[in-house]
Amino acid sequence: MATLLRTVARAKHLLAVSRHTRKIVQPSCLISTSKKNKEEISATVENVSSKEEELRQLEEHFANQDPNSPKNYVSYGWSTYDQEYDQFSHNMVLFTGITLMVIMVFFLSYCPDHKLRNWSMREAHLELARREKLGLPLIDRNVVDPSKVILPSEEELVGVKIRL
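Residues numbered from 1 in each chain as written. Predicted model: local features only at pLDDT ≥ 70, side-chain atom pairs only at ≥ 80, totals over all residues. Heavy atoms only, no water.

Helix and strand counts for the protein chain stand at four helices and zero strands. Here the protein chain holds 164 residues, and the buried ones make up 4% of them. Carbon and sulfur atoms make up 61% of the accessible area of the protein chain, which totals about 17,000 Å². (Helix = DSSP H or I, 4+ residues; strand = E, 2+ residues; numbered from the N terminus. Buried < 20%, exposed > 50% of the residue type's maximum accessible area, 1.4 Å probe, protein only. Areas by Shrake-Rupley, 256 points an atom, 1.4 Å probe, with all protein chains shown as cover.)

Rendered as structure tokens:
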């Protein structure tokens, strides 16, 4: 909150300083020194008639405002020439995409213990209860029976660095 107030105070100060430091510049008048060409612009009759024809075609084109007209159809991007396929593809992709997203959200929200966190905790509590009941130490020093472990002989370990 203090940072916000400090920032607002600094911004007000900066605005006040920027208002006072502006220099007023006298507007200047731009004067052209080139010679004036007073000849009239001439247009050919062909240009005017072609423009009128183009204007007439545009008016005819935009006069039809029926949204169901094939001329006024705006494609969804799946097919530019087949309207039925375009609409079907658009609806199918939207339906499939939204359905898959909803299913994935529900699956990830309500899926079982996929990393087995709860199972491992339950198993550890059961093992601790079993060891307490039998009077064994909670953590056994020899997880594997030492008589079943086969170690290399001293001759095989000559020259091998052993890290502890």
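Turning to its location among the elements, Asp86 is positioned in helix H3 (residues 83–110). In this structure the side chain of Asp86 is engaged in a polar contact, spanning 3.0 Å, whose partner is the backbone nitrogen of Trp78. When near neighbours in sequence (up to four residues on either side) are disregarded, Asp86 contacts Tyr73, Ser75, Tyr76, Gly77, Trp78 and Ser79. (Polar contact = N/O pair within 3.5 Å; in protein donor to acceptor, adjacent residues only side chain to side chain. Contact = heavy atoms within 4.5 Å.)

The end-to-end C-alpha separation of helix H4 (residues 117–134) is 26 Å, in line with the 26 Å expected for 18 residues at 1.5 Å each. Of the residues flanking the end of H4, it is Gly135, one or two places downstream, whose phi is positive at about 80 degrees. (Expected span 1.5 Å × (residues − 1).)

Its 28 residues give H3 an end-to-end C-alpha distance of 40 Å, which sits within 8% of 40 Å, the value for a rise of 1.5 Å per residue. Taken residue by residue, H3 has Asp86, Ser89 and His90 as its buried positions. Backbone nitrogen of Glu84 and a side-chain oxygen of the N-cap are separated by 3.5 Å at the start of H3; the cap is Asp82.

Here the structure, examined in full by the defined rule, presents four salt bridges. Close ionic contact of Arg130 with Glu127 constitutes a salt bridge, the shortest N to O distance being 2.6 Å. Highlighted residues: Arg130 and Glu127, both in helix H4, separated by three residues, approximately one helical turn. When its relative accessible area of 31% is taken as the criterion, Glu127 is described as partly exposed. (Salt bridge = Lys/Arg side-chain N within 4 Å of Asp/Glu carboxyl O.)

If you walk through the whole model with that rule in mind, you get one aromatic pair. The interplanar angle of 15 degrees and the centroid separation of 6.1 Å between the aromatic rings of Phe106 and Tyr110 together place this pair among those described as stacked. With Phe106 and Tyr110 both in helix H3, this residue pair falls four residues apart, about one helical turn. A residue is classified by how much of its surface remains accessible, and Tyr110, at 66% relative accessible area, is exposed. (Phe/Tyr/Trp six-rings, centres within 6.5 Å; stacked < 30°, edge-to-face > 60°.)

Residue placement: Ser120 occurs in helix H4. We classify Ser120 as partly exposed; its relative accessible area is 33%. Among the polar contacts listed, one links the side chain of Ser120 to the backbone oxygen of Leu116, at a separation of 3.1 Å.

Bringing a nonpolar patch on the surface into the picture now. There is a patch of nonpolar side chains on the surface, built from Leu94, Ile98, Met101, Val102, Phe106 and Tyr110 and spanning about 670 Å² of accessible area. Take Val102: it is sitting in helix H3. (Patch = residues over 30% accessible without salt bridge, like charges linked within 9 Å, V, L, I, M, F, W, Y side chains within 5 Å.)

Another point: the environment of Arg130. Taking relative accessible area as the criterion, Arg130 reaches 38% and is therefore assigned partly exposed. Within the structure, the side chain of Arg130 is placed 2.6 Å from the side chain of Glu127, a separation counted as a polar contact.

Treat this as a map of the structure, not an account of what it does.
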